[in-house]
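Spelled out from the first residue to the last, the chains are:
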Amino acid sequence: MDTFLYQASIYLAAAVIAVPIAARLGLGSVLGYLAAGILIGPVFGLVGSETQYLQHFAEFGVVMILFLIGLELEPRALWAMRHKLLGLGGLQILFSTLALMGAAMVAGQTWQVSLAIGLALSLSSTAIVLQTLSEKGLMQTGGGRASFSVLLTQDIAVIPILAFLPLLATGLGPQIGNDGSIQRGEEAAHGGGHGSLSLVEGMPGWAVTLITIGAIAFIILAGIYLTRPLFRFIHASNLREMYTALALLIVVGISFLMTLVGLSPALGAFLAGVVLANSEFRHELESDLNPFKGLLLGLFFITVGAGINYRLSLASPGDLIGLALLVIVAKGLVLFFVGRAFGLRKRAHWMFTLSLAQAGEFGFVLLAFSRQLNVIPAALSEKLLLIIALSMLITPLLFILYDLLSKRVTDPRTADEEPDKIDEQGPVIIAGIGRFGQIVNRLVRASGFKTVLLDNDMEAVQLMRRFGVKSF
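Read on for an overview of the structure. The structure presented is a predicted model; accordingly, all values stated were derived computationally and were not measured. (Residues numbered from 1 in each chain as written. Predicted model: local features only at pLDDT ≥ 70, side-chain atom pairs only at ≥ 80, totals over all residues. Heavy atoms only, no water.)

### Structural notes on the overall build of the chain
On a plain count of helices and strands, the chain comes out with 22 helices and four strands. Per-residue burial for the chain yields a buried fraction of 49% across its 472 residues. By sequence separation, contacts in the chain at least 24 residues apart represent 77% of the contacts at least 6 residues apart. (Helix = DSSP H or I, 4+ residues; strand = E, 2+ residues; numbered from the N terminus. Buried < 20%, exposed > 50% of the residue type's maximum accessible area, 1.4 Å probe, protein only. Contact = heavy atoms within 4.5 Å.)

And the structure:
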């Protein structure tokens, strides 16, 4: 108990001191959390190996943020994003993997190792990007929506990548399992299967497919038919904390179900959020889960900073920083050309390019799995983990660079802006979203009618988007 209280005090004190300082300097909370982790970990040595276990717990913040984003998306809006999901997201993963794989092969790695490296580094940081976009009020902009499409595609892509990696584990020798038995190949990678909480382990492919479809169908049907009676039952108790308990139960339970069938918890939480987007309890869920999401994401960023292997970093700092910058430049070039091909311009184009150029937290998962499979050697895996962490540390600086570049872009009031593609429909169109237009919009929406907001002033449109009001 004493150890727990000591560690909790260290983490909380580091966050309370570092994050407000970083926010006042205009660096954002993410960089503050990362800096706090570096100070209590590699610099002062106040925390130790427990950061690795805390990181697995804190990754639940990513699950919560995807659930909350799902609450903001109606199923019709998600269907409208299908071209961006398959096009922007799919091409980014493909070309980033090929570019990084080529760089690894030039460095002397085999094609199997190079492909595993390319797949691990091609995924961006959902936690950092979504947190920063939300803080800056950029989620509803063109660049924000494009970035979210790519991040969602990457979260979905983790599942087939994990299924594909064992195919690269050619020539695996025997390994010693946790119980002292000899294991081979994929059995060793999954820990021999002892004590595994999986509904699909050892089943034929058709059975796995049926159980997976059944789990997804259960989430959809439960979101439609069970949540309303549950919330009414909780409301009858007149206990405010029960709302919070139910909100946590929904997210934790869905994540656990997804884990049982071998799917990503974040993907399941996002699907549940989309199903509940039309629920009258949506705002209740948002207000209950927001504090937990913020604290868990903050803890995750602190553990990333605290978990840096400072001995390896000090041994070759220039090499590691250079490789991290190489990853950012390679992915940035891919994002630049993919964004241009899909019609992104000016501020939206720069935001899309710079916000997704880092490697992400799913890279930690893929590298650990590749190491278990003996696809990537242990020493190389340690180096790649540092490269991912460094690229995540550099990301807040990329957002600062975006802010500087966006100020140099031609003033939208004098430039010929391309009109937005209007992807919403409604019976009422409001042309002009000044003070009077906003009042009319609130009155019409309060009467139960959906509105489509138009304006020719880009600054007014961006201001409304910062407050979460979609306009064109």
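### Concerning the nonpolar core
In this structure, Phe67, Phe148, Leu165, Phe301 and Ile376 are the most contacted members of the largest nonpolar core, which totals 126 residues. Top contributing element to this core by residue count: helix H20 (residues 378–408), with 13 residues. When near neighbours in sequence (up to four residues on either side) are disregarded, isoleucine 376 contacts Val113, Ala116, Ile117, Leu367, Ser370, Arg371, Ser381 and Leu384. By size, the runner-up hydrophobic cluster in this structure holds six residues, among which are Ile430, Ala460, Val461 and Met464. (Core = buried A, V, L, I, M, F, W, Y, C linked by side-chain atoms within 4.5 Å.)

### Some remarks on the pattern of salt bridges
Applying the stated criterion to the full structure yields six salt bridges. Residues glutamate 382 and arginine 371 are paired through a salt bridge, measuring 3.5 Å at the closest nitrogen-oxygen approach. Of the two residues, glutamate 382 is situated in helix H20 and arginine 371 in helix H19 (residues 361–372); the sequence distance between them amounts to 11 residues. Looking at glutamate 382, the relative accessible area reads 30%, which means it is partly exposed. On the accessibility criterion, arginine 371 (34% relative accessible area) is partly exposed. A network of salt bridges, in which partner residues are shared, links Arg240, Glu284 and Asp288. (Salt bridge = Lys/Arg side-chain N within 4 Å of Asp/Glu carboxyl O.)

### Some details on the pairing of strand E3 (residues 428–431)
As judged from the four bridges shared by E3 and strand E4 (residues 451–454), these two strands associate in the parallel manner. By the bridge assignment, isoleucine 429 is partnered in E4 with valine 452. On the question of chirality, the crossover connecting E3 to the parallel E4 by way of helix H21 (residues 435–446) is right-handed. (Pairing = 2+ DSSP bridges. Right-handed = clockwise from strand over helix to strand, strands pointing away.)

### A few points about helix H6 (residues 82–106)
In this model, H6 (25 residues) spans 35 Å end to end at C-alpha, consistent with the 36 Å of a helix rising 1.5 Å per residue. Directly after H6, the chain includes glycine 108, whose backbone phi takes a positive value near 100°. (Expected span 1.5 Å × (residues − 1).)

### Examining the packing of aromatic side chains
In total, this model carries four aromatic pairs according to the counting rule given. For the ring pair phenylalanine 231 and phenylalanine 281, a centre distance of 4.4 Å and an interplane angle of 10° mean the geometry is stacked. Taken together, the residues phenylalanine 231 in helix H12 (residues 227–237) and phenylalanine 281 in the loop between helix H14 (265–275) and helix H15 (282–306) connect sequence positions 50 residues apart. Per residue, the accessibility class of phenylalanine 231 equals that of phenylalanine 281, and both read buried. Centre to centre, the rings of phenylalanine 336 and tryptophan 350 are 6.1 Å apart; their planes meet at 50°, and the pair counts as tilted. Taken together, the positions of phenylalanine 336 in helix H17 (residues 317–341) and tryptophan 350 in helix H18 (residues 346–355) put the pair 14 residues apart, joining distant regions of the chain. Take phenylalanine 336: its relative accessible area is 25%, and that puts it in the partly exposed class. Given a relative accessible area of 33%, tryptophan 350 falls into the partly exposed group. (Phe/Tyr/Trp six-rings, centres within 6.5 Å; stacked < 30°, edge-to-face > 60°.)

### Description of the packing of helix H3 (residues 50–58) against helix H4 (residues 60–71)
Put simply, H3 and H4 touch, their axes get as near as 5 Å, and they point 15° apart. As summarised for this structure, H3 and H4 are arranged roughly parallel, according to the angle between their axes. Residues His56, Phe57 and Ala58 of H3 lie in contact with H4, whose contacting residues are Phe60, Gly61 and Val62. Among the residues making up the contact of H3 with H4, the classes are represented as four nonpolar, two polar and no charged. (Axes fitted to C-alpha atoms, helices over the stretch in contact; angles between N-to-C directions. Parallel < 35°, antiparallel > 145°, perpendicular 65-115°, else oblique. Nonpolar A, V, L, I, M, F, W, Y, C, P; charged D, E, K, R; others polar.)

### Points about the side chain of threonine 141
Mapped onto the secondary structure, threonine 141 falls in the loop between helix H8 (126–135) and helix H9 (142–164). On the accessibility criterion, threonine 141 (9% relative accessible area) is buried. Here the side chain of threonine 141 touches glycine 144 through a polar contact of 3.1 Å, landing on its backbone nitrogen. Discounting residues that sit within four places of it in the chain, threonine 141 has contacts with Met351 and Arg465. (Polar contact = N/O pair within 3.5 Å; in protein donor to acceptor, adjacent residues only side chain to side chain.)

### Quick word on a nonpolar patch on the surface
A contiguous nonpolar patch, built from Ile220, Leu221, Ile224, Tyr225, Leu226 and Leu230 and spanning about 550 Å² of accessible area, is present on the exposed surface. When residues in the nonpolar patch are grouped by element, the largest group, four residues, is from helix H11 (residues 205–225). One can find leucine 230 in helix H12. Of the residues examined, leucine 230 reaches a relative accessible area of 38% and is grouped as partly exposed. (Patch = residues over 30% accessible without salt bridge, like charges linked within 9 Å, V, L, I, M, F, W, Y side chains within 5 Å. Areas by Shrake-Rupley, 256 points an atom, 1.4 Å probe, with all protein chains shown as cover.)

### Thoughts on the packing of H12 against helix H13 (residues 240–260)
The N-to-C vectors of H12 and H13 enclose an angle of 155°; their axes lie 9 Å apart at closest approach. Between H12 and H13, the angle falls in the class roughly antiparallel. Considering the relative orientation of H12 and H13, their crossing is right-handed. The residues of H13 that touch H12, namely those facing Leu230, Phe231, Ile234, His235 and Ser237, are Met242, Tyr243, Leu246 and Ile250. Across the contact of H12 with H13, the residue classes break down as seven nonpolar, two polar and no charged. (Left-handed = near helix turned anticlockwise from the far one by under 90°.)

### What about unusual backbone geometry?
Positive phi is not limited to glycine here, since asparagine 238 has a value of about 60°. Of note, asparagine 238 is situated in the loop between H12 and H13. The exposure class of asparagine 238 is exposed, given its relative accessible area of 68%.

### Some thoughts on the environment of phenylalanine 449
Summarising the element assignment, phenylalanine 449 is placed in the loop between H21 and E4. Residue class for phenylalanine 449 comes out partly exposed when judged on its relative accessible area of 46%. With 23 residues separating them in the primary sequence, phenylalanine 449 and glycine 426 have C-alpha atoms 7.6 Å apart. Ignoring any residue separated from it by four or fewer positions in sequence, one finds phenylalanine 449 in contact with Pro427, Val428 and Val444.

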